[in-house]
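Descriptive analysis of the structure
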Amino acid sequence: MEIRFERDFGSNLIVRATGKLDIDTAAEYGMKIKDQIDEMDEINTLVLDFSDITYVASIGLRVLLELYQHIDKQGANIRVKNVQQQVADVLKMTGFDKFLKVS
């Protein structure tokens, strides 16, 4: 999985990744994002761009929950954008769309 980071207006972190959030990739994905968040002086919004995420397994959902909890402690928001339909269906079916801003 390739993961790219971009800072927008200094306090927003945009994460773009490709592939699947599964047993092989989810832990590394979560760890790299948390490291980037912790390096920032201030964060307002974590934006996960799912344009190239084709699948989210249960371990991927767990990582999304951990990221939400990590960012929420800092008083920031998390947003998931450009979600493909099959991934959006999983987020909706599991109730993740209730606390993640999904678009």
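For clarity, every value in this text was computed on a predicted model and none was experimentally measured.

This part is about the pairing of strand β4 (residues 77-81). Looking at chain direction, strand β3 (residues 45-56) and β4 are connected through five bridges and run parallel. The residue of β4 that forms the bridge with Leu-48 is Val-80. You can see the chain leave β3, run along helix α2 (residues 58-73) and come back into β4, and the turn it takes is right-handed. As paired strands, β4 and strand β5 (residues 101-102) are joined by two bridges and run parallel to one another. If you follow Val-80 over to β5, its bridge partner there is Val-102. Between β4 and its parallel partner β5, the chain crosses via helix α3 (residues 85-93), and the hand of that crossover is right-handed.

Enumeration over the complete set of coordinates arrives at two aromatic pairs. Here the aromatic rings of Phe-96 and Phe-99 are separated by 5.0 Å at their centres, their planes lie at 45 degrees, and the arrangement is tilted. Using a relative accessible area of 10% as the deciding quantity, one classes Phe-96 as buried. Over the aromatic face of Tyr-55 sits the side chain of Lys-20, whose NZ or CZ is 5.9 Å from the ring centroid.

Parameters and conventions
- Residue numbers restart at each chain and count upward from 1, following the sequence in its written direction.
- Local features in a predicted model are, by the rule used here, given only for residues with pLDDT of at least 70; side-chain atom pairs are given and counted only at 80 or more, and totals for whole chains, interfaces and linings are based on all residues.
- No hydrogens and no water enter the side-chain calculation; it runs on all heavy atoms of the structure.
- When DSSP finds two or more bridges between two strands, those strands count as paired.
- Only DSSP runs of H or I reaching four residues or more are called helices, and only runs of E reaching two or more are called strands; each is numbered from the N terminus.
- Look down the strands so they point away from you; if the path from the first strand over the helix to the second goes clockwise, the crossover is right-handed.
- Between 30 and 60 degrees the pair is tilted, below 30 it is stacked and above 60 it is edge-to-face, where a pair is any two Phe, Tyr or Trp rings, Trp via its six-membered ring, whose centres lie within 6.5 Å.
- Any residue under 20% of the maximum accessible area for its type is buried, any over 50% is exposed, and the rest in between are partly exposed; the area is computed with a 1.4 Å probe on protein chains only.
- As a reminder, the over-ring test applies to NZ of lysine and CZ of arginine, requiring each to be within 6 Å of the ring centre and within 35 degrees of the ring normal.

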